[in-house]
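Residues per chain, in single letters:
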Amino acid sequence: MEAKATAKFVRYTPRKVNQVLSLIRNKKVEKAFEVLSFLPKSAATLVEKVLKSATANSGKLSDFSKLKVKEAWVGNGPILKRMRPGPQGRGMPIKKRTAHLTIIVTDAGVSDGKRKKKASKMVKAVESK
């Protein structure tokens, strides 16, 4: 089952949010929360909040050991255009960017069996030599 959570019109630049999202893509939710709790970026709090919402939407907030971050992306929101005084009475533009953040978690494809199978193949290959 997939669950989705979005945060729209947030006052973070998409580029900075994407740096945080790249650290949690295709990871288990437990590991993603652990990474986000120690990350010194301000966007980590936003991503953690949206990830928590996605796990709650899946209905497995108490036990999310079997959930995985399937997709996580950020898009551009509207840009707030402001002016700031510049030299010789001119106005200098400032672009205050906003972002739309989406995270999808799933319980499919999360198993420790894959690693065991690969490890057992390696052991058999070594034993046969």
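Before reading on, note that the structure itself is shown above.
Please read these numbers as outputs of a predicted model, since none were measured by experiment.

Any chance you could break down a positive patch on the surface for me, citing the residues and the numbers?
Taken together, the side chains of R11, R82, R84 and K96 present a region of like positive charge at the surface. Accessibility expressed as a relative area gives 52% for R84, which makes it exposed.

Residue-level account of helix 1 (residues 14-24), with values.
When helix 1 is considered as a whole, its buried residues turn out to be P14, V17, V20, L21 and I24. Buried residues of helix 1, seen end-on, are gathered within an arc of 125 degrees and therefore sit on one face of the element. In helix 1, the exposed residues that point more than 90 degrees away from the buried face are R15 and K16. Packing partners of the buried residues in helix 1 comprise helix 2 (29-38), helix 3 (43-58), strand 2 (68-76) and strand 5 (99-106). Trailing helix 1 by a residue or two, N26 shows a phi angle of about 60 degrees, which is positive.

Before we move on, can you summarise helix 2 with the specific residues and values?
Buried residues of helix 2: V29, A32, F33 and L36, and no others. The buried residues of helix 2 all sit within an arc of 100 degrees when viewed along its axis, so they share a single face. Considering only its buried residues, helix 2 is in contact with helix 1, helix 3, strand 2 and strand 5.

Lay out the side chain of T98 with the relevant residues and their values.
Note that T98 resides in the loop between strand 4 (91-96) and strand 5. Judged by relative accessible area, T98 falls into the buried class, the value being 6%. Apart from the residues within four sequence positions on either side, T98 is in contact with F9, V10, R11, Y12, P14, G75, N76, G77 and P78.

Rules behind the numbers
Residues numbered from 1 in each chain as written. Predicted model: local features only at pLDDT ≥ 70, side-chain atom pairs only at ≥ 80, totals over all residues. Heavy atoms only, no water. Patch = residues over 30% accessible without salt bridge, like charges linked within 9 Å, V, L, I, M, F, W, Y side chains within 5 Å. Areas by Shrake-Rupley, 256 points an atom, 1.4 Å probe, with all protein chains shown as cover. Salt bridge = Lys/Arg side-chain N within 4 Å of Asp/Glu carboxyl O. Lys, Arg positive; Asp, Glu negative; His and termini not counted. Charge placed at Lys NZ, Arg CZ, Asp CG, Glu CD. Buried < 20%, exposed > 50% of the residue type's maximum accessible area, 1.4 Å probe, protein only. Helix = DSSP H or I, 4+ residues; strand = E, 2+ residues; numbered from the N terminus. Arc of directions from axis to C-beta. Contact = heavy atoms within 4.5 Å.

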